[in-house]
Amino acid sequence: MMNEQESKLLDILAGRFNGQVTVFAGEETLVLPVDEIAPAAQAFHDEFGFDLLSSLTTVDYGPEVDPRFHMVYRFTSIAGHLSLNVRVPVPGLSPEVPTLENVYHNANWNERESFDLFGIKFSGHSDLRRILMPQDWEGHPLRKDYPLGYEEPQFTFNYDEIDVRKPYAYRRGGK
Amino acid sequence: MGLEQKLGNMGVVTTRLEDLVNWSRTNAMWPMLFGLACCAIEMMSAQAANYDMSRFGMELMRASPRQSDLMIVAGRVSRKMAPVLRRLYDQMPDPKWVISMGDCASCGGVFNNYAVVQGVDEVVPVDVYVAGCPPRPEALIHGVITLHEKVRRERMKDWA
Amino acid sequence: MSQIEEVTLDGMSHLVSDRALKGETMLLNMGPQHPSTHGVLRLLLELDGETVVNAIPDIGFLHTGIEKNMEAKTYQKAEVMTDRMDYLNTTGNNLAYCLAIEKLVGLDVPERAQTLRVLLAELQRLASHLVWLGTSALDLAAMSDFMYCFREREMIMDIYELISGQRMMTTYIRPGGVWRDVPVEFETAVRELLKIMPRRIDEYESLLTKNPLFIDRTAGIGKISAEDAVNWGLTGACLRGSGVYYDIRKFAPYSGYEQYDFEVPLRTEGDVRARYLVRVAEMRQSVRIIQQALDKLPMGPVRSSNYKFVPPPRSEIGTSMEALIHHFKLWTEGFNAPAGSVYVAVESPKGEQGVFLEGNGGPKPWRIHFRNPSFDNLQALPVLAKGFLVADLVAIIGSIDIVLGDVDR
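Residues numbered from 1 in each chain as written. Chains lettered and ligands numbered in written order. Predicted model: local features only at pLDDT ≥ 70, side-chain atom pairs only at ≥ 80, totals over all residues. Heavy atoms only, no water.

K.L.:
Looking at this structure, I do not really get the overall build of chain B. What am I missing?
P.N.:
Along chain B, the regular secondary structure elements total six helices and four strands. Mapped in sequence order, the helices and strands of chain B form the string α-α-β-α-β-α-β-α-β-α. In terms of principal-axis extent, the alpha carbons of chain B reach across some 65 × 40 × 25 Å. Relative to its full complement of 160 residues, chain B shows a buried share of 54%. Looking at chain B alone, contacts between residues at least 24 apart form 78% of all its contacts between residues at least 6 apart. Working note: accessible area of chain B is about 6,900 Å², and carbon and sulfur atoms make up 56% of it. (Helix = DSSP H or I, 4+ residues; strand = E, 2+ residues; numbered from the N terminus. Buried < 20%, exposed > 50% of the residue type's maximum accessible area, 1.4 Å probe, protein only. Contact = heavy atoms within 4.5 Å. Areas by Shrake-Rupley, 256 points an atom, 1.4 Å probe, with all protein chains shown as cover.)

K.L.:
It is not clear to me how the interface of chain A and chain C should be interpreted in this structure. Could you clarify?
P.N.:
As a measure of interface size, the accessible area lost when the parts come together is often cited. On the side of chain C, 49 residues touch chain A, which itself brings 52 residues to the contact. At the boundary of chain A with chain C, total buried surface from both sides reaches about 4,000 Å², with 59% on carbon and sulfur atoms. Where chain A touches chain C, the interface holds four salt bridges. The closest approach of N and O atoms between C:K103 and A:E27, which form a salt bridge, is 2.7 Å. Here chain A and chain C share 25 residue pairs in polar contact (both at pLDDT 80 or more) between them. Of all elements in the fold, only β3 (52–60), β4 (69–77), β5 (82–90) and α3 (107–118) of chain A reach the threshold of two or more residues within the side of chain A that touches chain C. In terms of residues, the side of chain A that touches chain C owes the most to one element, β3(A), which gives nine residues. Considering only residue class, the side of chain A that touches chain C consists of 25 nonpolar, 16 polar and eleven charged. (Buried area = accessible area lost by both parts, 1.4 Å probe. Salt bridge = Lys/Arg side-chain N within 4 Å of Asp/Glu carboxyl O. Polar contact = N/O pair within 3.5 Å; in protein donor to acceptor, adjacent residues only side chain to side chain. Nonpolar A, V, L, I, M, F, W, Y, C, P; charged D, E, K, R; others polar.)

K.L.:
Can you walk me through the interface of chain B and chain A in this structure?
P.N.:
With 18 residues of chain B at the interface, the matching set in chain A holds 21 residues. Regarding the contact of chain B and chain A, the summed buried area is about 1,600 Å², with carbon and sulfur atoms giving 48% of it. Linking chain B with chain A are three salt bridges. B:R79 serves as the salt-bridge partner of A:E151, at 3.6 Å between the closest nitrogen and oxygen. For the side of chain B that touches chain A, the per-class residue count stands at five nonpolar, four polar and nine charged.

K.L.:
Help me out: how do you make sense of the sheet that holds β4(A) in this one?
P.N.:
Picture the strands of a sheet paired through backbone hydrogen bonds; they go either parallel or antiparallel. All names here are of chain A. Reading across from one edge, β1-β2-β5-β4-β3 is the order of the five strands in this open sheet, with mixed pairing throughout. With one partner strand each, in any of the chains shown, β1 (20–24) and β3 form the two edges of the open sheet. Put simply, the sheet's adjacent strands are angled 25 degrees from each other on average, direction ignored. Where strand β2 (residues 27–31) and β5 come together, three bridges link them in parallel fashion. Residue T29 lies in a different strand from β5, and its bridge partner there is N85. Here helix α1 (residues 4–16) sits on the sheet and contacts β1, β2 and β5; the angle it forms with β5, its principal contact strand, is near 35 degrees. (Pairing = 2+ DSSP bridges. Axes fitted to C-alpha atoms, helices over the stretch in contact; angles between N-to-C directions.)

K.L.:
What am I meant to see in helix α3 (residues 38–47) of chain B here?
P.N.:
One full turn of an α-helix is made of 3.6 residues, so residues set three or four places apart face in the same direction. Buried residues dominate α3(B), accounting for nine of its ten residues. Of the positions making up α3(B), those classed as buried are B:C38, B:C39, B:A40, B:I41, B:E42, B:M43, B:S45, B:A46 and B:Q47. In this structure, the buried residues of α3(B) make contact with β2 (70–74), β3 (97–101) and α6 (137–152) of chain B together with α6 (143–164) of chain C.

K.L.:
Explanation requested: the side chain of C:R273 in the structure shown.
P.N.:
All names here are of chain C. Mapped onto the elements of the fold, R273 is located in helix α12 (residues 272–296). Of the side chains with opposite charge, E269 comes closest to the buried, unpaired R273, at an N-O distance of 6.4 Å. In this structure the side chain of R273 is engaged in a polar contact, spanning 3.0 Å, whose partner is the backbone oxygen of T209. Apart from the residues lying within four places of it in its own chain, the contact partners of R273 are T209, I215, T218 and A219. (Lys, Arg positive; Asp, Glu negative; His and termini not counted.)

K.L.:
Please explain the packing of aromatic side chains as it appears in this structure.
P.N.:
Geometry of an aromatic ring pair is reported as the spacing of the ring centres plus the angle between the planes. This structure, assessed with the given rule, holds 18 aromatic pairs over all chains. When the ring of A:Y146 is compared with that of B:Y114, the centres are 6.0 Å apart and the planes differ by 80 degrees; the resulting orientation is edge-to-face. With A:Y146 in the loop between β7 (121–123) and α4 (159–165) and B:Y114 in the loop between α5 (103–107) and β4 (128–130), this pair bridges two chains. Here the aromatic rings of C:F146 and C:F150 are separated by 4.8 Å at their centres, their planes lie at 45 degrees, and the arrangement is tilted. (Phe/Tyr/Trp six-rings, centres within 6.5 Å; stacked < 30°, edge-to-face > 60°.)

K.L.:
Help me out: how do you make sense of the state of the cysteines in this one?
P.N.:
Here, disulfide denotes a covalent bond that connects the sulfur atoms of two cysteines. Applying the stated criterion across every chain, the model contains zero disulfides over all chains. This cysteine, B:C39, is not joined by any disulfide, and B:C38 carries the nearest cysteine sulfur, 6.0 Å off. (Disulfide = S-S within 2.5 Å.)

K.L.:
When you look at unusual backbone geometry in this model, what are you seeing that I'm missing?
P.N.:
When glycine is set aside, most residues are seen to have a negative phi, and most peptide bonds are trans. The omega angle of the peptide bond from A:D66 to A:P67 is -5 degrees, so this bond is cis rather than trans. Positionally, A:P67 belongs in the loop between β3 and β4. Following B:C133, the chain continues to B:P134 via a peptide bond in cis, the omega torsion being -15 degrees. In this fold, B:P134 is placed in the loop between β4 and α6. With a phi close to 50 degrees, B:D52 is a non-glycine residue in the positive phi region. Within the secondary structure, B:D52 sits in the loop between α3 and β2. Here B:D52 falls in the partly exposed class, since its relative accessible area comes to 27%.

K.L.:
What's the story with the environment of C:L88 in this structure? I'm lost.
P.N.:
Locating C:L88 in the fold gives a position in the loop between α3 (79–83) and α4 (90–105). A C-alpha to C-alpha distance of 8.9 Å links C:L88 and C:H129, two positions 41 residues apart in sequence. Apart from the residues lying within four places of it in its own chain, the contact partners of C:L88 are B:I41, C:Q124, C:S128, C:V131, C:R153, C:K350 and C:V403.

K.L.:
How do you make sense of the pattern of salt bridges when you look at a structure like this?
P.N.:
Between side chains of opposite charge, a pair can form as their charged atoms come close. All names here are of chain C. All told, the structure shown has 53 salt bridges over all chains when counted by the stated rule. Here R240 and E347 are joined by a salt bridge, their closest N and O atoms 3.0 Å apart. One end of the pair, R240, is in helix α10 (residues 237–240); the other, E347, is in strand β6 (residues 340–348), and 107 residues separate them in sequence. E347 matches R240 in its accessibility class, with the two residues each being buried. Residues joined by salt bridges that share partners form a network here, namely E122, R125, R240, D247, R249, E282 and E347.

Laid out in C-alpha cells, this is it:
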C-alpha cells in the first residue's frame, strides 16, 4: 500500500510534529516525541482525514532499555485509502502518555488495556481502571519482567508428586 | 418395552429405592447453560439437530443455577472467572454434578500461563473429564453417559 | 483465588449518572453468566424503569494471556494459540498471523495455497455467520433458525475435518502455505455445500426477513450514525450497516482477493436490522467467492519451498539428509525473524482482524498484539443501547456479533 502520496504525507507530518520516518518491510512508521502525540492525533483526525483508529498498543523492550516502552498507533483514512503507523517512545519510569480518547472514542478501552497490561498511565483519561485482569491484581502481566506464570504439567512420571501439592476443591461439607 | 414385561398383569413393580431415585435423576438431568469459550460452540452443536442431546433427557439448558443439577464447564477458566464459577456452583441445589469439558477446563490445556486456572478441579469438584480441544459433540455425549453410569451406581449411604 | 469484586456506589460514581446516586434509577447486574450475553460478558445496567440509561460492559472474564503466551513460543508453535482466540473464525486468525509472519520474513506463498486460503476463509465466514444467525435469532425467540443454521454448519465442519482432522481448531493455514494438500473428496464436499447453500439462505430469510415480529424487534433498534460508528472504531458488518464502505478485502486486498468478483453489501440505516441484512447478504457473497475459488483452484505446490522457514514435505525427510536437518532445526529451534514490526489486517467475519507483530532477530515473537474486531465493536455498546429497552439490549448484543474469546484474548 506504500505509495508516493503516503511518503509525501509522512514527510510533511514529520516536519510539522518534530518526528522521524523509519522504514521496515515496506511499512513506513512515523516516530513522534511523547508530547506531540495529542496535537498530532487531533490534526490527523481533523485535517488529514484519518477517521479510524485501527490499533493502539504498547511494546515493552525490557527494563534495561531506555526508552523502555513504545506506544504503537495505527490510523486509517477510509475515504483517503491510507494507513499511518505512529510510534511514540515512552520512558520506563512512571510512563505517561496523553490520552486520545477525546479524538478517537475507541482509544478508551485500548488505553485501558495498555494501562492494565503494561502499566502505562494516560493523562486525562476518563476511566483508567483495569479492564482485563481483576481489579485487585498486582503487577502488569505483559511487561517483560513479569513471569509467564508457568505451572509444571502433570505426566505419568511426576503424577503423584504433583498430586500431593495440587489443591483440589471439595463439595461443601467435605467428601 | 421392558417395563411392560416386568409388570405382568399385576400393575406393580418392585425395585430398590436407590435404583428408582438414580433412574429418575439420570433421565432428567438439567445442565446449566455455562459456555465459556470454544467448547461452548461444540456444546451448542451437541444440542442442535445433528447430535440432539435431548435423546438423553438433557434438552433443557437452564440459565439459572437454581434450576439445574449439572454444570458443564465448557472452556478455559480465567482467574477472574474462577470466583464467579464457584459462586454459581454453590448456588446449585444438591444433588449436583460437574463435567469438565475440554482440555482447558481439565488441566489448563495449551494455556499454561498467569491468566488461566490450571484445571477447574481447583475450584469445583469434577465428576467427569472430557478430553479434546474442543471435544467433538460425540465426546461430550459420551461424557454425559459416563456421568449417568456413575450416578446409577450411587448408594444411599453416600447421600447424607 | 481472588474474590468476587465488591463494588460500592461511591466506587463507580464516575460511571453512572447522578440520578443513580440519588436512587432515582436502578442499577442491575447482567452476567457474566447470562444466556444472551454470548459468553462471559458482564454488563452493569442503569435502568429507568425498563429503559436503558447506561450499559457499562465489564470484560476480561475470558482473558487467557494469549499474547504473553505466544511470546514464550517459537513462531510456528505459537500458531495454535491464534485458533483459540476468535473460535468462530479460526482459519481467519491463522491467516492473519501467517500473513504477518510472511511479511516479516519475506516469504512467498504458492498460487494454489493462496486460493485455498481464500476458499477456507470464506467457508469459515459462512460458518461464523451461521452461528451468529442461529444464536441471535434464538435470543429473539426464533428457535427454528438455530436448528437450521447448525445443520448447515455441521456440513462445513465436516469439510474442515476432512482436510485437517479437526472440526474447529484446524491450524490448517501455516506460514508459507497450508498444512498439506486437500484430499480428492474435498471438491465434491464443497460443491455439495454450494449447491444447497443459496436455497438454505433463502430458507433462513423466509423465517426472519419479512416476519413482522422480527421487524418490530430489530428495525430502528440500536441505531448508530456513520460518523459515530467510525469514531468508535466499529468495523465489519456493524460499520457497513451504517453505510461506510470499509472492507479489508477491498481496501487492502490480501491472498489475491482482488481477483475475485464480489460485492460488499451496504445498508445505511445503522440499526440491528441493517446489520442483519448486511450479514445475510455477505453469506451470499461468500458462496460466490467459494464458487469462484473452487473453479479456478490451480494445481501445484501448497507450501513454499523455502526450507529455512517452511518444513519440507514428509516424503523428502526419509530420503534427503538436508530435508531432515531443516525439519529438525525448524521444530527444535524455529526460524529467526528480523528485528522490526509489521501490521497486517484481514477481514474477519466480525471486522478488521489486525495483527501487530514485532520480531527481535530471534525465533520467538518479541511482541504480538491482536487488534480484535469484537473488542472495539463491543466498546460501542453503551452508545448503541442508550434509550432502548432491556429486551432490545439482547437484540443489540446479538447484532454486534461478539465472541468473548475475541474480546478478552
